[in-house]
Amino acid sequence: MKRTQKENLIKGFFCLPASLSIFFLLGIVIVLFKEGLPIFKVTSLKEFLFGKFWYPTYEPPEFGILPLILGSFLVTFGALVISVPLGVAGAIYISEVASPKIKESIKPVIELLAGIPSVVYGFFGMVIVAPQVAKIFDLAVGLNAFTASLILGIMAIPTITSISEDAISAVPKKFKEASYALGANKWETILRVILPAAGGGITTAVILGMARVYGETMTVLMVAGGAAVIPRSFFEPVRTMTATIAAEMGEAVAGSTHFYALFAIAIVLFVITLSFNILADILSQRFRKRLG
Amino acid sequence: MVDIVTSHHSPVTSKKEVKISIRNLNIWYQDMQVIKNVNLDVEKNKVTAIIGPSGCGKSTLIKSINRMLDMIPEAEVGGTILLDGQNIYDMDETFLRKRIGMVFQMPNPFPKSIFENIAYGLKIHKMFKSKQDLYFKVEKALKQAALWDEVKDKLDKFALDLSGGQQQRLCIARCIALEPEVVLFDEPCSALDPVATVKIEELIEDLKKNYTIVIVTHNMQQAARISDYTAFLYLGNLVEFGPTQKIFTTPQNKMTEHYLTGKFG
């Protein structure tokens with residue numbers, strides 16, 4: 001066999017698995033739209049997105065997913081309120097404050113936190129956190145948006161910390177030197193030079209953490225309470241889009257309007273997640289350009 | 001082994017004012033000694049150049065003066081450095097660095113606007129009374145650094161979009177905005193083209209009226225052009241120190257002569 005032939009063969013061999021992921025993505029998108037779009041024969045896009053009632057099995061059924069969208073957003077927002085300050089502060093500590101020894105031991109622990117299955121978080125939330133929340137806030141049940149935000153916030157910390165830490169460590173040392181040489185102390189340097197310089201990367205970290213929370217299914221299914229009602233406070237049970245699909249797909253008859261509606265929810269999820277990723281990509285690229 | 005006759009005909013006579021006095025300075029990086037018992041007096045409002053081949057300890061020596069060496073945990077410093085007679089290790093390092101500014105080898109403006117680069121130190125040290133005062137001080141620093149005419153219409157533009165030479169002058173402006181007493185230059189032109197280098201050299205000449213200047217350079221012509229005193233450093237030893245003209249025309253030490261005539265370096 002000639003050398004060029006051999007090389008082409010090897011190229012092809014490695015090209016196949018790489019292109020497979022593109023095929024899978026395309027396949028998923030096609031199926032999503034094929035199975036989801038038929039719902040709009042029954043209801044309009046406006047009614048679907050802004051309808052206040054999700055009664056898919058009633059007669060006649062109602063397919064308004066506004067409560068689910070708000071449930072997802074509420075839980076995501078709550079989780080970010082917890083995870084962003086903690087995650088970014090952790091990243092600052094690891095990259096700027098901790099001694100090399102502490103840094104070496106904390107980083108693997110945080111990565112381990114990311115590796116815990118979400119069902120374990122959910123279980124922990126259900127059995128340990130929810131009863132405490134009920135007790136502290138004097139509620140009948142502790143399964144609500146607050147508990148879900150708390151657990152999801154903890155789950156998002158590793159993502160936010162590790163990506164922010166990369167961004168902070170990537171800030172060129174010369175900026176730090178310049179700041180110290182002007183008589184700035186460590187905290188002035190961190191707050192006024194390092195964090196702004198790492199801003200793009202930290203924003204990316206927050207968006208990816210947000211995507212992680214927003215797409216999380218098992219944990220919210222277990223601890224958010226599961227009521228498909230427009231939430232009025234953090235202490236009410238909520239249901240997210242992901243949890244709805246997971247909970248109802250098993251009982252929806254294939255080809256029914258309920259089935260189509262669940263796929264249409266998946267389209268909404270997919271579009272929002274996709275925009276998170278595109279946004280993160282744009283921001284990190286702009287950041288790279290700015291630092292030259 | 002190099003035989004060193006450290007000649008301290010240091011020009012310290014009664015009328016000359018010593019700004020920085022380095023006494024028995026020894027610096028180690030772990031087991032390696034990079035500065036060996038250096039004694040040096042820097043005269044006020046003069047340019048003192050430190051020359052020598054790469055790795056001779058020039059940068060280490062200059063970084064010890066504003067305690068930037070503190071940032072390197074392995075570095076250990078022995079001996080004393082006096083600023084106006086006061087030991088720099090008895091001072092708060094942030095205050096010391098306000099008094100002794102530094103311009104680095106690679107231009108290092110912050111990834112902020114031109115204005116914010118200059119305003120940074122003024123804000124840190126709370127050196128302005130009002131917004132107008134801040135603006136006025138930024139303008140003054142940019143004028144002193146001969147950069148004002150080029151940037152006055154784009155103060156809000158991103159500093160890293162300036163050319164290398166402009167960035168270096170911006171760094172000088174940022175440094176002198178704090179009205180330091182001493183400015184340390186660590187090979188400020190090594191990353192610049194000849195035209196930009198000339199501008200920086202002219203600026204240094206101009207600055208010595210108001211500031212005491214120490215400049216590290218491996219460019220001997222540069223030292224000859226702009227400095228009043230020259231110190232020749234070799235393998236951590238101060239081989240020779242004296243008025244620049246004397247060092248360049250009648251060096252007392254064979255090593256200095258060999259270095260200046262290009263026999264090694």
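Worth saying up front: this structure is predicted, and the values here are computed from it rather than measured. In this numbering scheme, every chain counts its residues from 1 along its sequence in written order. Think of it this way: whatever chain is written first is A, whatever ligand is written first is 1, and the rest follow in order. Reporting in this predicted model follows two pLDDT cut-offs: at least 70 for local features of residues, and 80 or more for side-chain atom pairs to be given and counted; totals over whole chains, interfaces and linings ignore these cut-offs and use all residues. For the side-chain quantities, the full set of heavy atoms in the structure was used; hydrogens and water were omitted.

**Thoughts on the overall build of chain A**
Numbering of helices and strands runs from the N terminus, with a helix taken as a DSSP run of H or I at least four residues long and a strand as a DSSP run of E at least two residues long. Per the secondary structure count, chain A includes twelve helices and two strands. When the elements of chain A are put in sequence order from the N terminus, they spell out α-α-β-β-α-α-α-α-α-α-α-α-α-α. Reported as C-alpha extents along the three principal axes, the dimensions of chain A are approximately 75 × 75 × 35 Å. Looking at chain A as a whole, 42% of its 292 residues qualify as buried. Whether two residues are in contact is decided by their heavy atoms, any of which lying within 4.5 Å being enough. The contacts in chain A between residues at least 6 apart in sequence include a share of 72% that link residues at least 24 apart. Reported accessibility uses the Shrake-Rupley method at a 1.4 Å probe radius. Residues are deemed covered only where the shown protein chains occlude them. For chain A, the exposed surface amounts to about 15600 Å²; the carbon and sulfur share of it is 69%. Under this rule, positive means Lys or Arg and negative means Asp or Glu; His and the chain ends count for nothing. For the purpose of locating charges, the reference atoms are NZ of Lys, CZ of Arg, CG of Asp and CD of Glu. Looking at chain A, you have 24 positive and 18 negative side-chain charges, and the mean spots of the two groups are 11 Å apart. The buried label applies to any residue whose accessible area, calculated with a 1.4 Å probe on protein chains only, is under 20% of its type's maximum; exposed applies above 50%, and partly exposed to all values in between.

**Observations regarding helix α7 (residues 194–207) of chain B**
Each full turn of the α-helix corresponds to 3.6 residues, which orients residues three or four apart in the same direction. Residue and element names in this part refer to chain B. Here α7 spans 20 Å end to end across 14 residues, near enough to the 20 Å set by a 1.5 Å rise per residue. Residues of α7 that are buried include every one of A196, T197, I200, E201, L203, I204 and L207, and no others. Around the axis of α7, the buried residues are gathered within 160° of arc, so they sit on the same side. Away from the buried face of α7 by more than 90 degrees, exposed residues P194, V195 and E202 are located. In this fold, the buried residues of α7 make contact with β3 (47–51), α4 (131–144), α6 (164–176), β7 (182–186), β8 (212–216) and α8 (220–226). By the criterion applied in these results, polar contacts are pairs of N or O atoms within 3.5 Å in which, for protein atoms, one can donate a hydrogen and the other can accept it, and in which residues neighboring in sequence qualify only through two side-chain atoms. Where α7 begins, one side-chain oxygen reaches toward the backbone nitrogen of V195, 3.0 Å away; that side chain belongs to D193. Residue count minus one, scaled by 1.5 Å, sets the expected span of a helix. Note: the arc covers the axis-to-C-beta directions of the helix.

**Digging into the domain arrangement of chain A**
Residue and element names in this part refer to chain A. Those domain boundaries reflect an automatic or database domain assignment. Taken domain by domain, chain A consists of domain 1 (3–41) and domain 2 (50–291). Listed by partner, the interface residues are ten residues for domain 1 and ten residues for domain 2. For the pair domain 1 and domain 2, the two sides together bury roughly 860 Å², of which 89% comes from carbon and sulfur. By definition, the buried area sums, over both parts, the 1.4 Å-probe accessible area that each loses when the two are put together. It is L32, E35 and I39 in domain 1 that bury the most area against domain 2; as a group they hold 61% of the surface buried on that side. By salt bridge we mean one thing: a side-chain nitrogen of Lys or Arg within 4 Å of a carboxyl oxygen of Asp or Glu. On the surface where domain 1 and domain 2 come into contact, there are zero salt bridges. Summed over the shared surface of domain 1 and domain 2, the number is zero residue pairs in polar contact (both at pLDDT 80 or more). When its residues are assigned to classes, the side of domain 1 that touches domain 2 shows eight nonpolar, one polar and one charged. As a working rule, the residues Ala, Val, Leu, Ile, Met, Phe, Trp, Tyr, Cys and Pro are called nonpolar, Asp, Glu, Lys and Arg charged, and the rest polar, with Gly in that last group.

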